[in-house]
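Listed below are the residues making up each chain.
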Amino acid sequence: MALRAATATATATATAVAPRGLRALLSTFSSSFPFNTPSKQVEKPPPAEPSTNLFVSGLSKRTTSEGLREAFVKHGEVVHARVVTDRVSGYSKGFGFVRYATLEDAEAGIKGMDGQFLDGWVIFAEYARPRPPPPSMQNNNTTPGYGNYNSSSYGSQ
DNA sequence: GATGAGCGA
């Protein structure tokens with residue numbers, strides 16, 4: 001019994017130590033294998049599905065929300081236009097969003113403005129990605145942990 | 001603020 005256990009331990013130790021050098025060689029081999037394309041996606045999917053919301057990139061840093069709207073309103077009814085600016089510095093981040101009234105206007109806006117010049121820069125217009133809605137505080141406005149009384153759970157029942 | 005990637009208070 002003791003012999004078998006000792007043999008097993010010795011064998012396990014030997015097999016654990018021996019292949020280490022070989023494994024490094026093998027991993028080097030497989031990682032440098034040029035034909036090993038692990039189903040890499042070479043094709044890009046379309047930016048986003050159609051929506052009235054447009055993402056505009058490539059803006060000049062002096063392009064403002066008004067300039068953005070005035071550029072896009074030529075192709076449809078712009079409901080909302082915003083150039084994203086940094087909260088602390090206040091400077092434009094170089095991209096913005098434009099919301100049209102209808103999908104036809106949004107499509108016309110993309111086709112009419114994508115690749116055009118605005119303030120000396122080539123801008124790119126595409127459908128904006130759907131964004132998760134902000135947490136609506138219609139239910140919870142109190143900070144938990146500091147004796148916030150909930151009158152609805154008081155006295156009933 | 002420097003022709004610069006990206007998805008917003």
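Residues numbered from 1 in each chain as written. Chains lettered and ligands numbered in written order. Predicted model: local features only at pLDDT ≥ 70, side-chain atom pairs only at ≥ 80, totals over all residues. Heavy atoms only, no water.

- If you look chain A up in an unreviewed UniProt entry, it shows as RRM domain-containing protein from Solanum verrucosum.

1. Let's talk about the protein's contact with DNA strand B
Argument step 1. What surrounds DNA strand B is a group of 22 residues, the closest being N53, L59, Y91, K93 and W121.
Argument step 2. Sugar plus phosphate, as a fraction of atoms of DNA strand B within 4 Å of the protein: 20%.
Argument step 3. One of the side-chain nitrogen or oxygen atoms of N53 is found 2.4 Å away from a base oxygen of DNA strand B.
Argument step 4. Between DNA strand B and K93 there is a distance of 2.2 Å, counted from a base nitrogen to a backbone nitrogen or oxygen.
Argument step 5. Counting only elements with at least two residues in the surface near DNA strand B, the list comes to β1 (53–57), β2 (78–85), β3 (92–100) and β6 (124–127).
Argument step 6. In terms of residue class, the surface near DNA strand B is built from nine nonpolar, six polar and seven charged. (Near = heavy atom within 4 Å. Polar contact = N/O pair within 3.5 Å; in protein donor to acceptor, adjacent residues only side chain to side chain. Helix = DSSP H or I, 4+ residues; strand = E, 2+ residues; numbered from the N terminus. Nonpolar A, V, L, I, M, F, W, Y, C, P; charged D, E, K, R; others polar.)

2. Some words on the side chain of T63
Argument step 1. Here T63 shows up in the loop between β1 and α3 (65–72).
Argument step 2. Judged by its relative accessible area of 3%, T63 is buried.
Argument step 3. A polar atom in the side chain of T63 sits 2.7 Å from the side chain of D119.
Argument step 4. If sequence neighbours within four positions are ignored, T63 has contacts with L68, V83, S92, L118 and D119. (Buried < 20%, exposed > 50% of the residue type's maximum accessible area, 1.4 Å probe, protein only. Contact = heavy atoms within 4.5 Å.)

3. Section: the pattern of salt bridges
Two side chains bearing opposite charge may form a pair once their charged atoms approach each other closely.
Argument step 1. Tallied over the full model, the rule gives one salt bridge.
Argument step 2. One salt bridge in this structure joins K111 and E107, with 2.9 Å as the shortest N-O distance. On the criterion of helical spacing, the pair formed by K111 and E107 is a turn pair, its members being four residues apart in helix α4 (residues 103–113).
Argument step 3. Using a relative accessible area of 63% as the deciding quantity, one classes K111 as exposed.
Argument step 4. The partly exposed category is assigned to E107, whose relative accessible area is 36%. (Salt bridge = Lys/Arg side-chain N within 4 Å of Asp/Glu carboxyl O.)

4. Let's talk about the environment of S57
Argument step 1. Along the chain, S57 falls in strand β1.
Argument step 2. Classification of S57 as buried rests on a relative accessible area of 17%.
Argument step 3. Setting aside anything within four residues of it in sequence, one finds S57 in contact with G94, F95, V122, I123 and F124.

5. Section: the nonpolar core
Argument step 1. Ranked by internal contacts, the top residues of the largest apolar core, which has 19 residues, are L54, L68, F72 and V98.
Argument step 2. When residues of this core are traced back to their parent elements, those giving at least two are β1, α3, β2, β3, α4 and β6.
Argument step 3. For L54, the residues in contact, after removing those within four places along its chain, are F72, G96, F97, V98, Y100, A106, G109, I110, E126, Y127 and A128. (Core = buried A, V, L, I, M, F, W, Y, C linked by side-chain atoms within 4.5 Å.)

6. Structural notes on the pairing of β1
Argument step 1. When you tally the buried positions in β1, you get four out of five residues, the bulk of the element.
Argument step 2. Of the strand pairs in this sheet, β1 and β6 are connected by four bridges, and their pairing is antiparallel. By the bridge assignment, L54 is partnered in β6 with Y127. (Pairing = 2+ DSSP bridges.)

7. A short note on a nonpolar patch on the surface
Argument step 1. A contiguous nonpolar patch, built from F117, V122 and F124 and spanning about 310 Å² of accessible area, is present on the exposed surface.
Argument step 2. Relative to the helices and strands, F124 is located in strand β6. (Patch = residues over 30% accessible without salt bridge, like charges linked within 9 Å, V, L, I, M, F, W, Y side chains within 5 Å. Areas by Shrake-Rupley, 256 points an atom, 1.4 Å probe, with all protein chains shown as cover.)

8. Quick look at the packing of aromatic side chains
Each aromatic ring pair is characterised by the separation of its centres together with the angle its planes make.
Argument step 1. If you walk through the whole model with that rule in mind, you get four aromatic pairs.
Argument step 2. Aromatic pair F55 and F95: ring centres 5.5 Å apart, planes at 55°, arrangement tilted. With F55 in strand β1 and F95 in strand β3, this residue pair connects regions lying 40 residues apart in the sequence.
Argument step 3. Relative accessible area serves as the criterion here: at 22%, F55 is assigned to the partly exposed category.
Argument step 4. According to the relative accessible area criterion, F95 is partly exposed, its value standing at 24%.
Argument step 5. Centroid distance F95 to F97: 6.2 Å. Interplanar angle 80°. Geometry classified as edge-to-face.
Argument step 6. Here a set of aromatic residues connected by ring pairs shows up, and it is made of F55, F95 and F97. (Phe/Tyr/Trp six-rings, centres within 6.5 Å; stacked < 30°, edge-to-face > 60°.)

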